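For reference, the chains in residue letters:
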Amino acid sequence: MKRALFISLCSILLLSSAAIVTFICFRQPRAITGTKDFSFLRNGDLILRQGRSVESFAVYILDKNHDFSHIGVVAYENHKPYIIHVVPDAPGQVRKDLPSTFLSGKNASRYRILRSDFCRANLDRVAENAMNFYSRKLLFDNNYDLSTEQELYCSELVIRAFEKSNLCLPGILPQKISLLTGVYYIIMPGIFLSNSHFTTVRAG
């Protein structure tokens, strides 16, 4: 599923007045409050956000969990937390952003931070794996193909980081998405909310 497919889908959705109103409200630049101190973050924490882009709106419509459109994993470098994630926007490869950037009013309307029950040593390895994806400059997977590791989309990046640490996340399965262009099986960001290994440590 390529970016053009998301835009085409949204164009269809926006034909209805309800979708137009939803999209306008969705895009309003409301700032997130209470997110200035990120010292509580740990390696391997997951941060979900509801974005403001056209693609985010498409995910919002398609995801049966209907909560968040994007996800990243926390990785510390030089005693500072970063969010490792990947989006189709330029340069279209794995990014390393400060939490304040990832959750800025421009990029997010709300968020939730999840923490797993795995031990610190394992989660340190999860963070190392995620940082390695960034160092390798892996590209965004426009085909949303789980059979290859050379390109990643946001939820796949999280899954790969845990898998390479030999950590299993049962129940994190692809969702069937049927569109005019075909059927796709995609791991949606919201599915992590219902996984028994994760609990919410902060939301806004």
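Right above here is the structure, for reference.
Chemist: When you look at the sheet that holds strand 3 (residues 80-86) in this model, what are you seeing that I'm missing?
Modeler: As a general point, the strands of a sheet are linked pairwise by backbone hydrogen bonds and lie either parallel or antiparallel. Across the sheet, six strands lie side by side as 4-3-2-1-5-10; this open sheet has antiparallel pairing. In the strand order of this sheet, the two ends are held by strand 4 (94-97) and strand 10 (198-203), each with one partner. Geometrically, the sheet is characterised by an average inter-axis angle of 30° between neighbouring strands, direction not taken into account. Where strand 1 (residues 46-50) meets strand 5 (residues 110-116), five bridges bridge the pair, whose relative direction is antiparallel. Within strand 5, the position partnered with R49 by the bridge is Y111. Running over the sheet, helix 5 (residues 120-135) touches strand 2 (70-77), strand 3, strand 4 and strand 5 and is turned about 105° from strand 2.

Chemist: Looking at this model, I keep getting lost on the nonpolar core. Mind explaining?
Modeler: Proteins that are soluble and globular tend to have nonpolar side chains buried together. Formed by 40 residues in total, the largest nonpolar core has its most connected members in L46, I84, L157, F162, L169 and F192. Residues within four places of L46 in sequence aside, it is in contact with I71, G72, V73, R112, I113, L114, V158, F162, F192 and F198. Core analysis: the second largest hydrophobic core is formed by 10 residues, F38, F102, L103 and Y111 among them.

Chemist: I'm lost on the packing of aromatic side chains in this one. Help?
Modeler: In this description, a pair of aromatic rings is defined by centroid distance and the angle of the planes. This structure, assessed with the given rule, holds five aromatic pairs. A ring pair is formed by F118 and F162, whose centres lie 6.1 Å apart and whose planes are at 55°; its orientation type is tilted. Of this pair, F118 sits in the loop between strand 5 and helix 5 while F162 sits in helix 6 (residues 154-163), placing them 44 residues apart in sequence. Relative accessible area serves as the criterion here: at 16%, F118 is assigned to the buried category. The buried category is assigned to F162, whose relative accessible area is 0%. Members of the aromatic cluster, connected to one another through ring pairs, are F118, F162, F192 and F198. The ring of F68 has R110 sitting right over it, with the charged end atom 4.8 Å from the ring centre.

Chemist: Would you take a moment to explain the packing of helix 5 against helix 6 for this structure?
Modeler: Between two packed helices, both the angle of their axes relative to each other and the distance between the axes serve to describe the pair. Two numbers describe how helix 5 lies on helix 6: the axes approach to 8 Å, and their chain directions differ by 130°. Between helix 5 and helix 6, the interaxial angle falls into the category oblique. Handedness of the helix 5/helix 6 crossing: right-handed. Between helix 5 and helix 6, the residues in contact are L123, V126, N129, A130 and F133 and L157, R160, A161 and F162, respectively. Tallied by class, residues from the contact of helix 5 with helix 6 come to seven nonpolar, one polar and one charged.

Chemist: In this structure, what is going on with the pairing of strand 8 (residues 175-179)? I would like to understand it.
Modeler: Every regular strand shows the same layout, with side chains that alternate between the two sheet faces. Across the two faces of strand 8 the burial differs, with Q175, I177 and L179 buried and K176 and S178 not buried at all. The sheet contact formed by strand 8 and strand 9 (residues 182-186) spans five bridges and is antiparallel. If you follow S178 over to strand 9, its bridge partner there is V183.

How each quantity is defined
- Residues numbered from 1 in each chain as written.
- Predicted model: local features only at pLDDT ≥ 70, side-chain atom pairs only at ≥ 80, totals over all residues.
- Heavy atoms only, no water.
- Pairing = 2+ DSSP bridges.
- Helix = DSSP H or I, 4+ residues; strand = E, 2+ residues; numbered from the N terminus.
- Axes fitted to C-alpha atoms, helices over the stretch in contact; angles between N-to-C directions.
- Contact = heavy atoms within 4.5 Å.
- Core = buried A, V, L, I, M, F, W, Y, C linked by side-chain atoms within 4.5 Å.
- Buried < 20%, exposed > 50% of the residue type's maximum accessible area, 1.4 Å probe, protein only.
- Phe/Tyr/Trp six-rings, centres within 6.5 Å; stacked < 30°, edge-to-face > 60°.
- Lys NZ or Arg CZ within 6 Å of the ring centre and 35° of its normal.
- Parallel < 35°, antiparallel > 145°, perpendicular 65-115°, else oblique.
- Left-handed = near helix turned anticlockwise from the far one by under 90°.
- Nonpolar A, V, L, I, M, F, W, Y, C, P; charged D, E, K, R; others polar.

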